[in-house]
Amino acid sequence: MRPFHVATIALISLLAVPLGTTACQAREKPPGEEGGANADLAAVASDALAKASALRGIALPAGHTVKSSVASKADVGRYLGDRLRATDSARLIDDTGRMLRVFGAVKPDFDMMSAFEKAATEQIAGYYDWEKRTLFVADWLPTFVQAPIMVHEATHALQDARFHLARFMTPKAGLEDVQAAVQALIEGDATLVMAEGMFPEGSSPASRQLAFGMMEQQLEAQIANLDIDPVIAESMIFPYARGLRFARLLKDKGGYAAVDAAYKELPRSTEQILHPEKYKGGGAEDPPQRVDFEVPKALAAQGFTLAMPSVLGELGVTTILRRSMAPEAAATAAAGWDGDLALLLGAPGKADAVVLVSVWDSEEDAAEAKAGFATTKNPPRALVQDGAKLAGIWGADVGDPEGVAKAALGAARFGEVVADFPEK
Ligand SMILES: [Zn+2]
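Quick look at the structure, then. (Residues numbered from 1 in each chain as written. Predicted model: local features only at pLDDT ≥ 70, side-chain atom pairs only at ≥ 80, totals over all residues. Heavy atoms only, no water.)

Focus: the coordination of the zinc ion
And step 1. Those donors, H152 (NE2), H156 (NE2) and E187 (OE), are the protein atoms that reach the zinc ion, and they lie 1.9 to 2.0 Å from it.
And step 2. Spacing between the donor residues of the zinc ion along the chain follows H-x3-H-x30-E. Taken together, the residues span a long stretch of sequence, with H152 in helix α6 (residues 143–163) and E187 in helix α7 (residues 176–198) at a distance of 35 residues. Across this residue pair, the class does not change: H152 and E187 are buried. (Donors = N, O, S within 2.8 Å, 3.2 Å for Na, K, Ca; no water. Helix = DSSP H or I, 4+ residues; strand = E, 2+ residues; numbered from the N terminus. Buried < 20%, exposed > 50% of the residue type's maximum accessible area, 1.4 Å probe, protein only.)

Observations regarding the pairing of strand β9 (residues 382–386)
And step 1. In this sheet, strand β10 (residues 389–395) lies alongside β9 in antiparallel orientation, the contact comprising 5 bridges. Pairing of L383 across the sheet is with G392, part of β10.
And step 2. Here β9 hands over to β10 after 2 residues, with G387 in that stretch at a positive phi of 65°. (Pairing = 2+ DSSP bridges.)

Quick notes on helix α4 (residues 89–103)
And step 1. An ideal rise of 1.5 Å per residue puts 21 Å on 15 residues; α4 measures up with 21 Å between its terminal C-alpha atoms.
And step 2. Just past α4, the residue G104 takes up positive phi, approximately 80°. (Expected span 1.5 Å × (residues − 1).)

As for the nonpolar core
And step 1. Within the largest apolar cluster, 134 residues are counted, with the highest numbers of intra-cluster contacts made by I232, F293 and F373.
And step 2. At 15 residues, the largest contribution of residues to this core is made by helix α9 (residues 230–262).
And step 3. Counting contributing residues per domain, this core is built from domain 1 (8–278) and domain 2 (289–416), each supplying no fewer than three. (Core = buried A, V, L, I, M, F, W, Y, C linked by side-chain atoms within 4.5 Å. Domains from an automatic or database assignment.)

Section: helix α5 (residues 112–123)
And step 1. In this model, α5 (12 residues) spans 16 Å end to end at C-alpha, consistent with the 16 Å of a helix rising 1.5 Å per residue.
And step 2. Taken together, the buried positions of α5 are occupied by M112, M113, A115, F116, A119, A120 and Q123. With its buried residues spanning 165° around the axis, α5 presents them on a single face.
And step 3. For α5, the side-chain oxygen to backbone nitrogen distance between the N-cap and M113 is 3.1 Å, and the N-cap itself is D111. (Arc of directions from axis to C-beta. Polar contact = N/O pair within 3.5 Å; in protein donor to acceptor, adjacent residues only side chain to side chain.)

Thoughts on the sheet that holds β10
And step 1. Taken in spatial order, the 5 strands make up an open sheet running β6-β7-β8-β10-β9, and their pairing is antiparallel. Only two strands of the sheet have a single partner each, and these edge strands are β6 (305–310) and β9. Averaged over neighbouring strand pairs, the angle between their axes works out to 15° when direction is ignored.
And step 2. Together, β8 (353–360), β9 and β10 form the strand contacts of helix α15 (residues 401–411), whose direction differs from that of β9 by roughly 40°. (Axes fitted to C-alpha atoms, helices over the stretch in contact; angles between N-to-C directions. Contact = heavy atoms within 4.5 Å.)

Focus on the pattern of salt bridges
And step 1. All chains considered together, the criterion is met by 18 salt bridges.
And step 2. For R248, the salt bridge identified is with D252, shortest N-O distance 3.7 Å. A residue pair is termed a helical-turn pair when its members lie 3 or 4 positions apart in one helix, as R248 and D252 do in helix α9 at 4 residues.
And step 3. Since its relative accessible area comes to 47%, D252 is described here as partly exposed.
And step 4. In this structure, R290 and D292 form a salt bridge, with 3.1 Å as the shortest nitrogen-oxygen distance.
And step 5. The network of salt bridges with shared partners includes R56, R162, D189 and D260. (Salt bridge = Lys/Arg side-chain N within 4 Å of Asp/Glu carboxyl O.)

Some points on the side chain of Q179
And step 1. Note on placement: Q179 falls in helix α7.
And step 2. What makes Q179 buried here is its relative accessible area of 1%.
And step 3. There is a polar contact of 3.2 Å between the side chain of Q179 and the backbone oxygen of F168.

Some words on the side chain of D352
And step 1. Position of D352 relative to the elements: it lies in the loop between β7 (337–346) and β8.
And step 2. Assessed through its relative accessible area of 19%, D352 is described here as buried.
And step 3. If sequence neighbours within four positions are ignored, D352 has contacts with R98, V102, L344, L345, G346, W394, G395 and A396.

Spelled out as structure tokens, the structure:
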């Protein structure tokens, strides 16, 4: 998916599971444990489908077959490359790296694409290829790790049969934050089923509750242990950790029927994943606003053109602010988000610029965000607040940045976010 979201894994819409979500520390298969996994794979896959189907309450329609296969690290790398080419995501990943550099959220020499490829190939333990309707599981993992991963991937196959996942997989401009939220629903749902399958039958609701809580915490804690840039680690873990919590809360309230319903009434922002009460029916529903504006005239006159528009969302804002603030302070500053649009602009021979227009729940929320944005490692050229609205400009020296920010704010239009992902 397109996100600036840094939810980069979403950038290429992999229905993959990172190693950490297995809740047991996955290790390379020890020497001596040969072939067992491959030989037993068909059995593991059909067990996983049966288990996921029973837990999730979705049966595959008659005639709908799902295949299974193992993937080597080279296979994972190839699949990644195919997805990147299929969705124009390579350019989006590069542009996301450029945008992060303008904010100072990554080092000046940060190469988003290599960091992303490294993270993905090292972390992916399995994936579901919806075009081939095939579950792939890493061939370098021992069977006891493969089994729960297969349940996760089998759940994707069931989701796909019922909800047609392909419609969510092509990046859509302006829906970056929605797509990251939908990805969290999809991954959270699959991680929930996997987790339920891992706890012994008959365990008490209280102990299951505790186990889920620990799994969510462990996923979050894992961010610090990954040997990859924290921006990528955080966005990679987000759909699993926060999505798990989102899906679990839905299920606690209304069983899997409530999770099913979320594929119709899609979460429309990462804010709704981070704060499930803001999702429909959560008691404090808060639909996001769509923000639109064009390249400011003063910048167009200096040769700047649009490289990438992107909605940061609460997740993106938090990710940027965490680079210069304590995690709690960043979360507080990003809370109250209600909509934004960031334009990455480039001009030949000049440094990149980012112009951001955002809207917040209240004037106070906007002021908090303003104070947060003032701390970015590359300080903003200007930040202009007008009530609950806030505009900022970073990067290239464009002359009169305050005038540019004011003009962008004045020209911006605000409307409704329509999460439209029609089935073909
Ligand atoms: Zn998954």
